[in-house]
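Descriptive structure summary
So you can see what is in the structure, the chains are spelled out below.
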2 protein chains.
Amino acid sequence: MIIAGATAYFSEVGLEGNTRELSKRLGVTQSLIFNYFNTKTDLIEAVYRAVYLDRISPDWPALIGDRSRSIHDRTLTFYREYTHAIFSYEWMRIFMFSGLAGAELNRRYLEFVSGLLLRPLMEEVCLAAPGPEKPEMEDIWNLHGGIVYIGIRRYIYQVPCPEDSGPEIRAAVGRFLSAFDIPCQD
Amino acid sequence: MIIAGATAYFSEVGLEGNTRELSKRLGVTQSLIFNYFNTKTDLIEAVYRAVYLDRISPDWPALIGDRSRSIHDRTLTFYREYTHAIFSYEWMRIFMFSGLAGAELNRRYLEFVSGLLLRPLMEEVCLAAPGPEKPEMEDIWNLHGGIVYIGIRRYIYQVPCPEDSGPEIRAAVGRFLSAFDIPCQD
DNA sequence: ACCATAATAGATCATTTGATCAATAAAGAA
DNA sequence: TTCTTTATTGATCAAATGATCTATTATGGT
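Just so you know, these numbers come straight off a predicted model, no measurement behind them. (Residues numbered from 1 in each chain as written. Chains lettered and ligands numbered in written order. Predicted model: local features only at pLDDT ≥ 70, side-chain atom pairs only at ≥ 80, totals over all residues. Heavy atoms only, no water.)

Close to DNA strand C lie 17 residues; Thr-19, Arg-20, Gln-30, Phe-34 and Lys-40 of chain B are nearest. Backbone atoms, meaning sugar and phosphate, form 50% of the atoms of DNA strand C found within 4 Å of the protein. In this structure, a phosphate oxygen belonging to DNA strand C sits 2.8 Å away from a side-chain N or O atom of Thr-19 of chain B. A distance of 2.8 Å is found between a base oxygen of DNA strand C and a side-chain nitrogen or oxygen belonging to Arg-20 of chain B. Elements with a minimum of two residues in the surface near DNA strand C: helix H3 (30-36) of chain A together with helix H2 (19-26) and helix H3 (30-36) of chain B. Here the element with the most residues in the surface near DNA strand C is H3 of chain A; it accounts for 4 residues. Residue classes in the surface near DNA strand C are distributed as 4 nonpolar, 10 polar and 3 charged. (Near = heavy atom within 4 Å. Polar contact = N/O pair within 3.5 Å; in protein donor to acceptor, adjacent residues only side chain to side chain. Helix = DSSP H or I, 4+ residues; strand = E, 2+ residues; numbered from the N terminus. Nonpolar A, V, L, I, M, F, W, Y, C, P; charged D, E, K, R; others polar.)

Rendered as structure tokens:
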């Protein structure tokens, strides 16, 4: 309950939010928090773990590599599931706060995304591309960034944004793959 | 000098950085800061203004609307100049910190980008697109996000990144416009 | 019912931090 | 020089904040 409350509170005000305000929101005393967490840093680490863990599906590498499905279908499915997992007020903001703070978990997460999701995706797109035009990692990062930026606008900057990002994700994936002469089926 | 130092300091540690550490970096006493700024909030506002101002070129709307040049040339030139202006450690991080804090200036900036840069850009792409396929605002935001995300990786997440983003910007613009049947000249 | 353990509260400490104020040093005009 | 104004410092206040410690209350097993 403390971790859940801390996640909600810190995602709102940042990791420098104070434990007294947090305890007030939780309806408990401030000292209770320190009964379960030795330091505030420990609490933040717990929030990191709670937010980062179980957000990554272990099925994604297999999905990306599943050549029985078209690359368009795989890419679109992956980004639908990926954005479904990370497009939340709490995840996006905790991720950005921890990224700005230079958290280790943040960098490890991005290494995972790069090495086990985006690089395989790039290789699959390379294989599926019929012509000489093949994507490099930076191209995949560009696709990725364009999609993730929807969540940044929505939850970080909190500017008006369509609530359903599905159509734009489909359009972005379609544009990206067609640049490598991969047709968008259906 | 205080504003410059505060910009460097706050962009590194966030807007909650304390005035004592700042004064130490500046080589002055802490009380001196409060001689020039009534409150810390005033100082932060001054940092905002210093960072945001003079980063937007007044020539961009004219550049985007200059139909004597190809849309590809205009889009590419705009994003080269735009990223040249905002891709800096200080700007990217102050912008993100202030965005997370919900700063008013942040929202006004995004309204400016949307209304006076991206919407005109969208209209120009619509005019240049020969086929029935026309971009909407979300498509332009996708192009924009993919490019800005390079700076986010570089300065926010601080992950390995090519130092020259020029080639990827060219590639991204090329892919985007060709999706609307606009050929990439040269 | 009894007892050991866990949960929770309240008071408090020590540090940090924004802000103030009086005093001193520097600068520049007359 | 002299005087006024500005720049700068050092000491200090008051509030906020992470953390601690003791006492009290609840819980569950026997």
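What follows deals with the relation of the copies chain A and chain B. In screw terms, the move from chain A to chain B is a rotation of 180° and a rise of 0.0 Å along the axis, fitting with an RMSD of 0.0 Å. Look at the turn and shift together and you get a two-fold axis relating the two. Distance from the rotation axis, computed per C-alpha, reaches its smallest value in chain A at Gly-146 of chain A: 1.8 Å. Comparing contact sets, 100% of the residues at the interface of chain A also lie at the interface in chain B, consistent with an isologous, same-surface contact. (Least-squares fit on C-alpha atoms with pLDDT ≥ 70 in both. Contact = heavy atoms within 4.5 Å.)

So, on to the protein's contact with DNA strand D. Of all residues adjacent to DNA strand D, which total 17 residues, the nearest are Thr-19, Arg-20, Gln-30, Phe-34 and Lys-40 of chain A. Sugar and phosphate atoms form 51% of the subset of DNA strand D atoms that lie within 4 Å of the protein. Separating a phosphate oxygen of DNA strand D from a backbone N or O atom of Lys-40 of chain A is a distance of 2.6 Å. Thr-29 of chain B places a side-chain nitrogen or oxygen 3.0 Å from a phosphate oxygen of DNA strand D. Listed by contribution, the elements that provide at least two residues to the surface near DNA strand D are helix H2 (19-26) and H3 of chain A together with H3 of chain B. By residue class, the composition of the surface near DNA strand D is 4 nonpolar, 10 polar and 3 charged.

The accessible area lost on association of the parts is a frequent measure of interface size. Listed per partner, the contact involves 34 residues of chain A and 34 residues of chain B. For the pair chain A and chain B, the summed buried area comes to about 3300 Å², and 61% of that belongs to carbon and sulfur atoms. Considering only the side of chain A, the residues that lose the most area to chain B are Leu-100, Tyr-157 and Arg-175 of chain A, jointly responsible for 23% of the buried surface there. Between the two partners, chain A and chain B, sit 4 salt bridges. On the surface where chain A and chain B come into contact, there are 10 residue pairs in polar contact (both at pLDDT 80 or more). Contributions of two or more residues to the side of chain A that touches chain B are made by helix H7 (89-100), helix H8 (104-128), helix H9 (137-157) and helix H10 (166-178) of chain A. Here the element with the most residues in the side of chain A that touches chain B is H9 of chain A; it accounts for 14 residues. (Buried area = accessible area lost by both parts, 1.4 Å probe. Salt bridge = Lys/Arg side-chain N within 4 Å of Asp/Glu carboxyl O.)

All names here are of chain A. Checked against the element boundaries, Ser-98 lands in helix H7. Once residues within four sequence positions are removed from consideration, Ser-98 is found in contact with Leu-15, Tyr-48, Tyr-52, Ala-103 and Asn-106. Only 2.8 Å separates the side chain of Ser-98 from the side chain of Asn-106, close enough to count as a polar contact.

Further remarks concern the nonpolar core. One finds Phe-10 and Ile-152 of chain A together with Phe-10 and Ile-152 of chain B to be the most contacted residues of the largest nonpolar core, which totals 132 residues. Those residues within four positions of Ile-152 of chain A in sequence are excluded, and the remaining contacts are Met-92, Met-96, Tyr-157 and Gln-158 of chain A together with Tyr-149 and Ile-152 of chain B. (Core = buried A, V, L, I, M, F, W, Y, C linked by side-chain atoms within 4.5 Å. Buried < 20%, exposed > 50% of the residue type's maximum accessible area, 1.4 Å probe, protein only.)

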